[in-house]
Amino acid sequence: MTHRYITVSYNLYADNDAGIHELLEQAPEQYPFQFITNMGMALDAFESRIADLSENEEFDFTLSVEEGYGPYLPEYVIQVPKASFFVNGKFAEDAVYPGSIIPLVNEEGMRFHGLVTEIKGDTVVVDLNEHYAGKALHFKGRVITAREATDEEIKEAINALTGEGCGGGCSGCHGGCCHGEDEGAQCGCQGNGHGEGGCCKKN
């Protein structure tokens, strides 16, 4: 199986609730999105459109909702007891607030991240949908690097994929009992746990 090392710069667009096509994020040339093909590092549909392009070749394509992160599912919005986020007997308000990304674990021990949307009474409302769920994703950009990956790059990619990171997905919790990680101080994990970079592989 061939593994290619690819870096791309792009603008990512999608329609908002008002139907306006807006810019969601950018991967500039100074900080391009990079991945190695055939390793599950990017969305399959994204990779298939990029994998065979040459350096400096431009691209402009749209992934359907199904090709991207799937439909937005209201049932993936859950309520977690506020007590799950207590540290030393106090609610971790500096880490758990509307807009924050928090690490959670289900009854099977699977770890993932959710977006806090609201804090009400004794519960924290957490959205487990992927950040771009329900959106058709329009990518427009350019291939910067496209070559065969080295053995060292493949090894590093394997280590990154098998290690624990902040970008865990939310599969495994749907329908399960979720709670904050035991180490409450970690509730404020920095970074976009919903797959920062719209082409990141979904779980």
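Residues numbered from 1 in each chain as written. Predicted model: local features only at pLDDT ≥ 70, side-chain atom pairs only at ≥ 80, totals over all residues. Heavy atoms only, no water.

Description of the overall build of the chain
Point 1. The helix and strand inventory of the chain stands at two helices and 12 strands.
Point 2. Ordering the α and β elements of the chain from the N terminus gives β-β-β-α-β-β-β-β-β-β-β-β-α-β.
Point 3. Within the chain, the proportion of its 203 residues that are buried is 43%.
Point 4. Across the chain, every contact between residues at least 6 apart in sequence was considered, and the portion connecting residues at least 24 apart equals 74%.
Point 5. Just so you have it, the chain exposes about 11,000 Å², and 47% of that area is on carbon and sulfur atoms. (Helix = DSSP H or I, 4+ residues; strand = E, 2+ residues; numbered from the N terminus. Buried < 20%, exposed > 50% of the residue type's maximum accessible area, 1.4 Å probe, protein only. Contact = heavy atoms within 4.5 Å. Areas by Shrake-Rupley, 256 points an atom, 1.4 Å probe, with all protein chains shown as cover.)

Focus: the packing of aromatic side chains
Point 1. Taken as a whole and judged by the stated rule, the model has 11 aromatic pairs.
Point 2. Ring-pair connections join several aromatic residues into one group, and the members of that group are Y10, F33, F35, F46, F59, F61 and F139.
Point 3. Positioned above the aromatic ring of F91, the side-chain terminus of K82 is 4.8 Å from the ring centre. (Phe/Tyr/Trp six-rings, centres within 6.5 Å; stacked < 30°, edge-to-face > 60°. Lys NZ or Arg CZ within 6 Å of the ring centre and 35° of its normal.)

Comments concerning the environment of E148
Point 1. Here E148 is to be found in strand β11 (residues 137-148).
Point 2. Judged by relative accessible area, which is 63%, E148 ranks as exposed.
Point 3. Each C-alpha atom, one on E148 and one on I6, is 8.6 Å from the other, the two residues being 142 residues apart in sequence.
Point 4. Excluding its chain neighbours within four sequence positions, the residues that come into contact with E148 are H3, R4 and Y5.

Let's talk about the pattern of salt bridges
Point 1. Summed over the entire model, instances satisfying the criterion amount to three salt bridges.
Point 2. Note that E29 is salt-bridged to R142, the shortest N-O span being 2.8 Å. One end of the pair, E29, is in the loop between β2 (21-27) and β3 (33-36); the other, R142, is in strand β11, and 113 residues separate them in sequence.
Point 3. The partly exposed category is assigned to E29, whose relative accessible area is 47%.
Point 4. Overall, the relative accessible area of 18% leaves R142 in the buried class. (Salt bridge = Lys/Arg side-chain N within 4 Å of Asp/Glu carboxyl O.)

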